[in-house]
Protein chains: 2
Amino acid sequence: MVDVNNIDVYLKSQGIRPSFHRMKILEYLLRERNHPTVDTIFDSLRGMFPTLSRTTVYNTMKLFLSHGVVQALTIEEKEVRYDADTSLHGHFKCVVCGAVYDFGLEEEIKTFMNLKDFQINEHYIFLKGVCKTCLESREV
Amino acid sequence: MVDVNNIDVYLKSQGIRPSFHRMKILEYLLRERNHPTVDTIFDSLRGMFPTLSRTTVYNTMKLFLSHGVVQALTIEEKEVRYDADTSLHGHFKCVVCGAVYDFGLEEEIKTFMNLKDFQINEHYIFLKGVCKTCLESREV
DNA sequence: TCTAAAACTGTAATAATTACAAAAATACAA
DNA sequence: TTGTATTTTTGTAATTATTACAGTTTTAGA
């Protein structure tokens, strides 16, 4: 995983000039790990530097995406979320509280998705249901 | 799989009144199996009955969705696609030609996505890459 | 046939995203 | 350091998918 203290080095290694905004946005993604939408990122960072533009967040996410620094999650229509963890893992969205959880996947799972003669570049695994916390609070 | 000749019976069994438009839209989904967007459905059926409204397609898809007659695929931002096959299977999108392919998944795969103490209602498995046809035409 | 409910239509409103042009910041050569 | 070209950022306008809504048509059944 990328070291939060060396974001500039990491961005350079990915062919991206490490501007102030870009570093702050990636730092946010790495620290919070909350699979935010553009609006969530924008609202969260605006407090710290009010000069930030929503367009910059859009531009930056598009740039990060094209350089493989983030993956885009479209678990649900009308909200694209971003994840700075680009390793193989799944996502679970709780339909009650809306939280998105990560969960691990063995490499092995790829054999179950083997498409003969197709070149597979990206794997997305989304589950929906009710998370443990929401299940427990319902039982009360 | 649902019999294309008994769509009215099937819709009734799902608690949906089988109106003319609803039957034609479901028939389209079952026949074409092309994971269409609302616009694709609209454009395809408009020729047959020009009185069709885009809003009707939206309304119908929302109705089908809430009754479990279709599933919504959000493989990519900015396009919700619909699939009348609600059984467990995966989807592959070719980034070159844009086609969406179905592929089978063993029940077994669910054990690889077991989230302890979570209630899982829906499984979505999306792959992206290059399909066989596009790979072959590139080699030329 | 008449009436109430359901379905359909078309336009207007909303929301996420993109386009674009101007302004600011940065890099770097002279 | 200064000047200039390039990159980045900003803010507004445009675009696109979707939803809201109100009026019209169709349907079911008394």
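Values in this document were obtained by computation on a predicted structure and should not be read as measured data.

### Side note on the pattern of salt bridges
Stage number 1. Tallied over the entire structure, the rule returns 20 salt bridges over all chains.
Stage number 2. Between R31(B) and E27(B) there is a salt bridge, with its nearest N and O atoms 3.0 Å apart. Of this pair, R31(B) and E27(B) both sit in helix α2 (residues 20-32), four residues apart, which is roughly one turn of that helix.
Stage number 3. In this structure, the salt-bridge partner of R81(B) is E79(B), at a minimum N-O distance of 2.9 Å.
Stage number 4. For R81(B), a relative accessible area of 11% puts it in the buried group.
Stage number 5. Salt bridges here are not isolated pairs; linked through shared partners, they connect E76(A), E79(A), R81(A), K93(A) and K128(A).

### Notes on the nonpolar core
Stage number 1. Counting 28 residues, the largest nonpolar core has M113(A) and M113(B) as its most contacted members.
Stage number 2. The set of elements that each furnish at least two residues to this core consists of β3 (89-94) and β5 (119-130) of chain A together with β3 (89-94) and β5 (119-130) of chain B.

### Details of the relation of the copies chain B and chain A
Stage number 1. Take chain B, turn it by 179°, move it 0.0 Å along the axis, and it overlays chain A with an RMSD of 0.1 Å. Accordingly, the operation relating the two chain copies is best matched by a two-fold axis. Residue I125(B) of chain B places its C-alpha closer to the rotation axis than any other residue of that unit, at 2.4 Å.
Stage number 2. Of the residues that chain B buries at the interface, 100% are likewise interface residues in chain A, meaning the two copies contact each other through the same surface.

### A few points about the sheet that holds β5(A)
Stage number 1. Spatial strand order, β4(A)-β3(A)-β5(A)-β5(B)-β3(B)-β4(B): six strands in an open sheet with mixed pairing. Both edges of this open sheet fall to β4 (100-104) of chain A together with β4 (100-104) of chain B, since each of them pairs with a single strand only. The mean angle between the axes of side-by-side strands here comes to 25°, regardless of whether they run parallel or antiparallel.
Stage number 2. Sheet strands touched by helix α5 (residues 132-139) of chain A: β3, β4 and β5 of chain A together with β5 of chain B. Its angle to β5(A), the strand with the most contacts, is close to 10°.
Stage number 3. Taken strand by strand, helix α5 (residues 132-139) of chain B contacts β5 of chain A together with β3, β4 and β5 of chain B, and its axis lies near 10° from that of β5(B).

### Section: the confidence of the model for chain A
Fine structural detail should not be taken from predicted coordinates in areas where pLDDT scores are low.
Stage number 1. Across chain A, the average pLDDT comes to 93, with 99% of residues at or above 70.
Stage number 2. Mean pLDDT in chain A bottoms out at α5(A), which sits at 90, and peaks at helix α4 (residues 54-66) of chain A, which reaches 98.

### Re the packing of aromatic side chains
Stage number 1. The tally for this structure, following the rule as stated, stands at 11 aromatic pairs over all chains.
Stage number 2. Note on Y101(A) and F118(B): the rings are 5.0 Å apart at their centroids and 85° apart in plane angle, and the pair reads as edge-to-face. With Y101(A) in strand β4 and F118(B) in the loop between β4 and β5, this residue pair bridges two chains.
Stage number 3. For Y101(A), a relative accessible area of 27% translates into the label partly exposed.
Stage number 4. Among the aromatic residues, those joined into a cluster by ring pairs are Y124(A), F126(A), Y124(B) and F126(B).

### Here we look at the protein's contact with DNA strand C
Stage number 1. Looking at DNA strand C, there are 14 residues lining it, with Y58(A), S19(B), R22(B), T51(B) and T56(B) nearest.
Stage number 2. For DNA strand C, the backbone makes up 73% of the atoms found within 4 Å of the protein, where backbone means sugar plus phosphate.
Stage number 3. Y58(A) is positioned with one of its side-chain polar atoms (N or O) 2.8 Å from a phosphate oxygen of DNA strand C.
Stage number 4. At a separation of 2.9 Å, a phosphate oxygen of DNA strand C approaches a polar side-chain atom of H21(B).

The rules behind the values
- The residue numbers shown here count from 1 along each chain, following its written sequence.
- Labels follow written order: the first chain is A, the first ligand is 1, and so on.
- Since the coordinates come from a predicted model, pLDDT governs what is reported: local features require at least 70, and pairs of side-chain atoms require 80 or more to be given and counted, while whole-chain, interface and lining totals use all residues.
- To get the side-chain values, all heavy atoms of the structure are used, and hydrogens and water are removed first.
- One speaks of a salt bridge when a side-chain nitrogen belonging to Lys or Arg is within 4 Å of a carboxyl oxygen belonging to Asp or Glu.
- Helix numbers and strand numbers start at the N terminus; a helix is a DSSP run of H or I with at least 4 residues, a strand a run of E with at least 2.
- Throughout this description, buried means an accessible area under 20% of the type-specific maximum (1.4 Å probe, protein chains only), exposed means over 50%, and partly exposed covers the range between.
- Take the buried Ala, Val, Leu, Ile, Met, Phe, Trp, Tyr and Cys residues and link them wherever side-chain atoms come within 4.5 Å; each set so joined is a nonpolar core.
- What sets the superposition is a least-squares fit of C-alpha atoms, and only residues with pLDDT of at least 70 in both copies go into it.
- In this description, contact between two residues means that some pair of their heavy atoms is separated by no more than 4.5 Å.
- Two strands pair if DSSP finds at least two bridges between them.
- Axis definition: a line fitted to C-alpha atoms, limited for helices to the stretch in contact. Angles are taken between N-to-C directions and run from 0 to 180 degrees.
- Per residue, pLDDT captures the predictor's confidence, and it can take any value from 0 to 100.
- In this scheme Phe, Tyr and Trp rings, the latter by its six-membered ring, pair at centre separations within 6.5 Å, and the angle between planes marks the pair as stacked below 30 degrees, edge-to-face above 60, and tilted otherwise.
- Here a residue counts as near a molecule or strand whenever at least one of its heavy atoms sits within 4 Å of it.
- N or O atoms closer than or at 3.5 Å make up a polar contact, with two conditions inside protein: a donor-capable atom paired with an acceptor-capable one, and, for residues adjacent in sequence, both atoms drawn from side chains.

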